[in-house]
Amino acid sequence: MKKPTIQLPIRFPHDVKAWLEAQAEVNGSSQNSEVIRAVRDRMARVEDQQPA
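Residues numbered from 1 in each chain as written. Predicted model: local features only at pLDDT ≥ 70, side-chain atom pairs only at ≥ 80, totals over all residues. Heavy atoms only, no water.

**Q** Teacher, can you tell me more about the pattern of salt bridges here?
**A** Any two side chains of opposite charge can pair, on the condition that their charged atoms come close. Applying the stated rule across the entire model yields two salt bridges. Notably, a salt bridge pairs Lys-17 with Glu-21, separated by 3.4 Å at the nearest N-O pair. With a gap of four residues between them, Lys-17 and Glu-21 both fall in helix H1 (residues 14-27), about one helical turn apart. Assessed through its relative accessible area of 38%, Glu-21 is described here as partly exposed. With a shortest N-O distance of 2.9 Å, Arg-37 and Glu-34 are connected by a salt bridge. Here Arg-37 pairs with Glu-34, and both are found in helix H2 (residues 31-49), just three residues apart, close to one helical turn. Classification of Glu-34 as buried rests on a relative accessible area of 3%. (Salt bridge = Lys/Arg side-chain N within 4 Å of Asp/Glu carboxyl O. Helix = DSSP H or I, 4+ residues; strand = E, 2+ residues; numbered from the N terminus. Buried < 20%, exposed > 50% of the residue type's maximum accessible area, 1.4 Å probe, protein only.)

Shown next as structure tokens:
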């Protein structure tokens with residue numbers, strides 16, 4: 001069973017939007033997937049920096 005999701009309207013600067021479009025095309029994915037990937041990567045880096 002999938003976890004529930006929410007829709008989140010979000011505004012991006014033009015350069016970030018262009019980067020998302022390019023990454024999505026390169027990776028054969030959606031822009032939404034690229035946002036999720038970027039956020040999860042950041043989450044992992046922050047978690048790795050926290051003391052155990």
